[in-house]
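Here are the chains, one letter per residue:
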Amino acid sequence: MKERGRNLALGTRWERQSVLVSRMFAAAVALGGLLLAVLLRRDPVLSVLAMGGGGLAAWGAWWFALRALRRRRALVAAPFPAEWEAVLARDVAFFRGLEPAEQERFRTELKVFLGEKRITGIRMQLDTRIRVLVGASAVIPIFGFPEWEWGEVREVLVYPRRFDLEFQMDGDAKRIMGMVGSGAMEGVVILVAPDLIHGFTNAGDKGNVGVHEFAHLVDKRDGRIDGVPGVGLTRECVGPWLELVRRNMREIETGDSDLNRYALTNEAEFFSVASEYFFERPGVMRDKHPELFAMLERVFAQDMGSRVGALRRAITARPKRLGRNSPCPCGSGRKYKKCCLDKS
């Protein structure tokens, strides 16, 4: 989403719908006031009061209905925090591989996500790094859809270590590093902090649990997490996609594929595992799995082929470990210890 001024001529579908709904709400209230004035027409004073009250109520309804839009405007207009920039520059290779204009859009999407969604630590305190990496996990898979709204997400829970199916972190069965909630947990994404960090700081390992879980929600865009993504595939492409998935799963079984064997769990897990690979090492996937790579470019509406070189350079030229006296990566011109060290 690009930054815009404060007028109501806004471009995204959500923004247009917000304005339309607010106007319809205000018009309904105004019409109610007008009808009341007609009913009270025998008493001119009450009739005028009804009309005036209806107009005032309509304005209030319009103002109230636009509160979410005003909050988003404020988020978008706010300066991008320097400590967030430091995390992106240090840990998020996908961001470093973008063109400057794309990086600006990434920042805006990140501000909106972190400003509108709850990020909650479970038995841990969240720092800036964790929050930014959670947001980056959400932005990366939908970066090809500038009008995407994460209505599927109301909260992200972050655990300090892996957990079991009962959400317990103690015991021998703690092995889950991420989950998309269902039932009573609908709208909740769960991530494990060390695995989240590992996914971003090891950009060449073809794995990223944050991207994995949000890819499940891209899959769920049509209402089901079934390995047939709810975006990017026409009806005619579903059959070839499923055949491609099954062929790749057979290759994993026979040891002829470098996709993680967790992809064999089911078609839904295959899609998320392949998505991690696609965003982490697009050049390798393009060379080893050209059909799968081309299909995922279509699904995510992202030309990762054109970013291969930039992303490879971003990974290999990853910023060196920062010393206290190093220039701060946020670009402030100050030393790291005087700027973002205590914020990240």
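Higher on the page you've got the structure.
As a starting point, this report considers the structure included with it. In this text the structure is predicted, and so the values were computed from the model without any measurement.

1. Observations concerning unusual backbone geometry
Backbone geometry at F167 places phi at a positive 65°, although glycine is not the residue there. Judged by its relative accessible area of 29%, F167 falls in the partly exposed class. Positive phi outside glycine occurs at A301, with the angle close to 55°. Following the sequence through the fold, A301 ends up in the loop between α13 (290-300) and α14 (308-316).

2. Section: the nonpolar core
Of all hydrophobic cores here, the largest spans 71 residues; its most connected members are F106, F113, W150, V156 and W241. Counting nine residues, the second largest nonpolar core, distinct from the first, contains L157, F163, M169 and V188.

3. Comments concerning the layout of surface pockets
Estimated volume of the largest pocket: approximately 610 Å³. What lines the largest pocket is a set of 26 residues, and nearest its centre among them are M177, V209, H212, Y262 and E276. When residues of the lining of the largest pocket are traced back to their parent elements, those giving at least two are β3 (178-180), α8 (193-201), α9 (209-219) and α11 (267-280). The residue makeup of the lining of the largest pocket, split by class, is ten nonpolar, eight polar and eight charged.

4. Side note on the side chain of E152
The residue E152 is located in the loop between α7 (128-139) and β2 (155-159) in this model. A polar atom in the side chain of E152 sits 2.3 Å from the side chain of R221. Contacts of E152, omitting those with residues within four sequence positions, involve G187, L217 and R221.

5. Regarding the packing of aromatic side chains
This model, assessed by the stated rule, comprises 18 aromatic pairs. An angle of 70° between the planes, with centres 6.1 Å apart, marks the rings of F94 and F279 as edge-to-face. Of the two residues, F94 is situated in helix α5 (residues 93-96) and F279 in helix α11; the sequence distance between them amounts to 185 residues. Exposure remark for F279: the relative accessible area of 4% places this residue in the buried category. Look at F278 and F293: their rings are 5.5 Å apart centre to centre, the planes differ by 50°, and that puts the pair in the tilted class. One end of the pair, F278, is in helix α11; the other, F293, is in helix α13, and 15 residues separate them in sequence. On the basis of relative accessibility, which here comes to 0%, the residue F278 falls in the buried class. In this structure an aromatic cluster arises from ring pairing among F94, F95, F106, F143, W241, F271, F278, F279, F293 and F300.

6. Quick word on the side chain of N248
Mapping N248 onto the fold places it in helix α10 (residues 235-253). Contact partners of N248, with chain neighbours within four places excluded, come to F270, H289 and L292.

Cut-offs applied
Numbers given to residues run from 1 along each chain, matching the order in which its sequence is written. Whole-chain, interface and lining totals are the exception, using all residues; otherwise, since this is a predicted model, local features are given only for residues with pLDDT of at least 70 and side-chain atom pairs are given and counted only at 80 or more. Based on all heavy atoms of the structure, the side-chain values leave hydrogens and waters out of the count. Note on classification: 1.4 Å probe, protein chains only; a residue is buried when its accessible area is under 20% of the maximum for its type, exposed when over 50%, partly exposed between these limits. Counting from the N terminus, the helices are the DSSP runs of H or I reaching at least four residues and the strands are the DSSP runs of E reaching at least two. Take the buried Ala, Val, Leu, Ile, Met, Phe, Trp, Tyr and Cys residues and link them wherever side-chain atoms come within 4.5 Å; each set so joined is a nonpolar core. We place a 1 Å grid over just the protein atoms. Points where a 1.4 Å probe fits but has no way out form a cavity, open points with protein on both sides within 12 Å along at least 5 of 7 lines form a pocket, and any residue with an atom within 4 Å of a point lines it. Grid points are joined across faces, edges and corners, and a volume is the space filled by probe spheres set on the points. All residues other than Ala, Val, Leu, Ile, Met, Phe, Trp, Tyr, Cys, Pro, Asp, Glu, Lys and Arg, Gly among them, are scored as polar; the first ten of these are nonpolar and the last four charged. Throughout this description, a polar contact denotes any pair of N or O atoms lying within 3.5 Å of each other; where both atoms belong to protein, one of them has to be capable of donating a hydrogen while the other can accept it, and for residues adjacent in sequence the pair is counted only when both atoms sit in side chains. Residue contacts are counted whenever heavy atoms from the two residues lie within 4.5 Å of one another. Here the aromatic set is Phe, Tyr and Trp, taking the six-membered ring for Trp, and pairing holds for ring centres within 6.5 Å; pairs whose planes are under 30 degrees apart are stacked, those over 60 apart are edge-to-face, and all others are tilted.

Keep in mind these numbers describe shape, not what the thing actually does.
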